[in-house]
Amino acid sequence: MESSNSSSLEQTLQEGTLYRQVNTLIVAHLRDNNLSQAASAVASATMTPLNLESPPNKLLELVAKGLAVEKDDMLRGVSSSPLFDSGAVIPAGYDSIPVPRSAAVDFRQFKFLCIALLLHQFMNVARCARFSPDGRFLATGSADTSIKLLEISKIKQMMLPDGRDGPVRPVIRTFYDHLQPINDLDFHPQNTVLITGAKDHTIKFFDFSKAVAKRAFRVIQDTHNVRSLSFHPSGDFVLAGTDHPIAHLYDVNTFQCYLSAKVQEIGTNGAINQVRYSSTGGMYVTASKDGAIRIWDGVTANCMRTIVGAHGTTEAISANFTKDQRYVLSCGKDSSVKLWEVGTGRLVKQYVGATHTHFRCQAVFNETEEFVLSIDEPNNEIVIWDAMTAEKVARWPSNHIGAPRWLEHSPTEAAFVTCGNDRSVRFWKELL
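From a predicted model like this one, the values you see are computed outputs, not experimental measurements.

Participant: Got a minute to help me understand helix α2 (residues 36-46) in this structure?
Facilitator: An α-helical turn contains 3.6 residues, so any two residues separated by three or four positions project in the same direction. All of the buried residues along α2 are A39, A43, S44 and T46. Phi for M47, located one or two positions after α2, is positive at around 60°.

Participant: Help me understand the layout of surface pockets in this model?
Facilitator: Empty pockets left among the atoms are what a rolling probe the size of a water molecule brings to light. The volume enclosed by the largest pocket comes to roughly 910 Å³. R130, Y277, F321, E408 and P411 are, among the 29 residues lining the largest pocket, the residues nearest its centre. When contributions to the lining of the largest pocket are tallied by element, the ones reaching two or more residues are β2 (126-131), β6 (182-187), β10 (226-231), β14 (272-277), β18 (316-321), β22 (364-365) and β26 (404-409). The element best represented in the lining of the largest pocket is β14, accounting for 3 residues.

Participant: What should I look at first to understand the confidence of the model for the chain in this one?
Facilitator: Atomic detail in the predicted coordinates should be set aside for any region of low pLDDT. Per-residue confidence for the chain gives a mean pLDDT of 81, with 79% of residues at or over 70. When the criterion is pLDDT under 50, residues 79-105 qualifies, and its contacts beyond four places in sequence or with other chains add up to 49 contacts. Between residues 111-116, whose pLDDT stays under 50, and residues either more than four places distant or in other chains, the model counts 19 contacts.

Participant: I tried to follow the pairing of β6 on my own but got confused; where do I start?
Facilitator: As a general feature of sheets, a regular strand has side chains that alternate between the two faces. Along β6, 6 of the 6 residues are buried, which leaves the element largely enclosed by surrounding structure. Here β6 pairs with strand β7 (residues 193-198) via 5 bridges, running antiparallel. Its bridge partner lying in β7, L185 is registered against T196. In this antiparallel pair of consecutive strands, β6 and β7, the connection spans 5 residues.

Participant: When you look at the pattern of salt bridges in this model, what are you seeing that I'm missing?
Facilitator: Pairs may arise between side chains of opposite charge once their charged atoms sit close together. Per the stated rule, a full pass over the model turns up 16 salt bridges. Across the salt bridge formed by E381 and R395, the nearest N and O atoms sit 2.7 Å from each other. In this pair, E381 is assigned in strand β24 (residues 381-386) and R395 in strand β25 (residues 392-397), connecting sequence segments 14 residues apart. Salt bridges here are not isolated pairs; linked through shared partners, they connect R130, D184, D186 and R276.

Participant: Mind showing me how you'd approach helix α5 (residues 152-159) here?
Facilitator: Taken together, the buried positions of α5 are occupied by I152, I155, M158 and M159. The arc that holds the buried residues of α5, viewed along the axis, is 105°, so those residues lie on one side.

Participant: Which parts of the structure should I look at to understand the environment of M47?
Facilitator: Within the element layout of this structure, M47 appears in the loop between α2 and α3 (58-76). Each C-alpha atom of the pair M47 and Y327 lies 8.4 Å from the other, and the pair is 280 residues apart in sequence. Here M47 is in contact with Y327, L339, V348, K349, Y351, A387 and M388, once residues within four sequence places are set aside.

Thresholds applied
- Residues numbered from 1 in each chain as written.
- Predicted model: local features only at pLDDT ≥ 70, side-chain atom pairs only at ≥ 80, totals over all residues.
- Heavy atoms only, no water.
- Buried < 20%, exposed > 50% of the residue type's maximum accessible area, 1.4 Å probe, protein only.
- Helix = DSSP H or I, 4+ residues; strand = E, 2+ residues; numbered from the N terminus.
- 1 Å grid on protein atoms, 1.4 Å probe; cavity = no way out; pocket = protein on both sides within 12 Å on 5 of 7 lines; lining within 4 Å.
- Points joined across faces, edges and corners; volume = space filled by probe spheres on them.
- pLDDT = per-residue confidence, 0-100.
- Contact = heavy atoms within 4.5 Å.
- Pairing = 2+ DSSP bridges.
- Salt bridge = Lys/Arg side-chain N within 4 Å of Asp/Glu carboxyl O.
- Arc of directions from axis to C-beta.

Rendered as structure tokens:
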């Protein structure tokens, strides 16, 4: 039975990979032949980026080759093999068509050192974590009000056979300047600056290039509990999601705060659990306690779209854009993870099979956006789905005592971290 399930799962993964390649070729063919409306429709329906490069007429070339082989087989009296035979090997790639690396595709075959490496423990609950945009650093925040900065290269040294019991210490900075628990963190997109938001109503700026600095060099005093933070890609603005129903936009240079001018028309009614900018800063998204997902114009701060009851009558607890800004991935306390089309507000995919009703946990993409990860609280597991097919492809014990409350994936490699009520932060990385 186990062998049969494994074969079925392998076939599902192979199908998903092949479908992505075929969809990319179709979209490129339509686009390059000036059928832009059709290309956009197919891209939207299949979640395929419109701007992927493909050699001219590649689809026609492959179809012609396939027809020639089929004709030759018929002349020789050879029957065609089934397309998805369990023993067949899917072609490695089609020239410049991006093919997922094995490290990003087959989560079932990941081998993790001790399942998840224990990085450090706080004195109280580990509440949040964030990778730097270049993937070189990791920041973690705790209910004990401390913030720790870790260097990813040192974490990897710990995973080597000769480094497991050695003197490698991945924590390179520890900051103390908040009076209440840390809720969220973010890195400046270009500079060595880390910002943190906490229940003490403050946003604090730390320069981690200075080895001896323990305190913030700048502080923004907000009027509410700061629940979530997001740097604008330029680094000139910071969005704060707070207990106030409208995100607070701060100019980093002047500390002036801006709010949407049309608050009454929007109909917001609840604290913001998470706020995130899109990759260009042209939009931002909020997930709120009133259950709505809202997409905002990054320049005017006007609400462009509201998805009311995105997760039924429960809180929307996380939301973030895909890299191409066409979709938003959200997570709610209704135990569902959903993918929404930004342009229409249409529900595109739903990922089910992970229960989360208690913590402000997240659903995130892996670094290639081929897989979605979230937390199953009752079973204390990490759950992974194929982003395109919504098929569940893996479940892993979290190794935390009690379910983790935060999950964050690296933007640059197949690695992620989990934070737990057991005060621990664990780093997950493929062991080659």
